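Structural overview
Listed below, chain by chain, are the residues.
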Amino acid sequence: MSRGNAGTEAEIHVVRVAADSPAAPLVVIRLLALLPPEWPCSTHVSADRITLRVGAGPDTAHAAVAGALRDRALRGWSLPDAQLVL
């Protein structure tokens, strides 16, 4: 899934921490819907991990994803780390 390109991106990893949490393909759709629509995004989805490349600064992206993960539909998923990709 892609919404464009950006020069500096934040790479955000979201991981499943509860076996009964929603499936990754559903989570990534909801997660992207909760992020600002003007942000370019690309994703890589596996069963227990979602990697987002977001066209926003790392602090801003991390805060937005952390906020989105408070949504009840994303229960059982966590944001363990974030790093800048040049």
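Summarised in this report is the structure supplied together with it. Treat the numbers as computed from the prediction; the structure is a model and nothing was measured. (Residues numbered from 1 in each chain as written. Predicted model: local features only at pLDDT ≥ 70, side-chain atom pairs only at ≥ 80, totals over all residues. Heavy atoms only, no water.)

The next thing to look at is the overall build of the chain. When helices and strands are counted, the chain shows two helices and four strands. Reading the helices (α) and strands (β) of the chain from amino to carboxyl end gives β-α-β-β-α-β. Evaluated residue by residue, the chain yields a buried proportion of 38% over its 86 residues. On the chain, roughly 4,700 Å² of surface is accessible, and the fraction owed to carbon and sulfur atoms is 54%. (Helix = DSSP H or I, 4+ residues; strand = E, 2+ residues; numbered from the N terminus. Buried < 20%, exposed > 50% of the residue type's maximum accessible area, 1.4 Å probe, protein only. Areas by Shrake-Rupley, 256 points an atom, 1.4 Å probe, with all protein chains shown as cover.)

This next bit is on the pairing of strand 2 (residues 41-45). The sheet contact formed by strand 2 and strand 3 (residues 49-54) spans five bridges and is antiparallel. Each residue of the ladder has a partner; that of valine 45, found in strand 3, is isoleucine 50. In sequence, strand 2 turns back onto strand 3 through a hairpin of three residues. (Pairing = 2+ DSSP bridges.)

Turning our attention to the side chain of glutamate 9. Secondary-structure assignment places glutamate 9 in strand 1 (residues 9-16). Look at glutamate 9 and you get buried, because its relative accessible area is 16%. A polar contact is formed between the side chain of glutamate 9 and the side chain of arginine 53, at a distance of 3.4 Å. (Polar contact = N/O pair within 3.5 Å; in protein donor to acceptor, adjacent residues only side chain to side chain.)

For helix 2 (residues 58-68), every residue scored as buried is listed here: Ala61, Val65 and Ala68. Seen along its axis, helix 2 keeps its buried residues to an arc of 60°; they face one direction. (Arc of directions from axis to C-beta.)

For helix 1 (residues 24-34), the complete set of buried residues consists of Ala24, Val27, Val28, Leu31 and Leu32. Buried residues along helix 1 cover an arc of 130° about the axis, so they all sit on one side. Set apart from the buried face of helix 1 by more than 90 degrees, the exposed residues are Pro25, Leu26 and Ala33.

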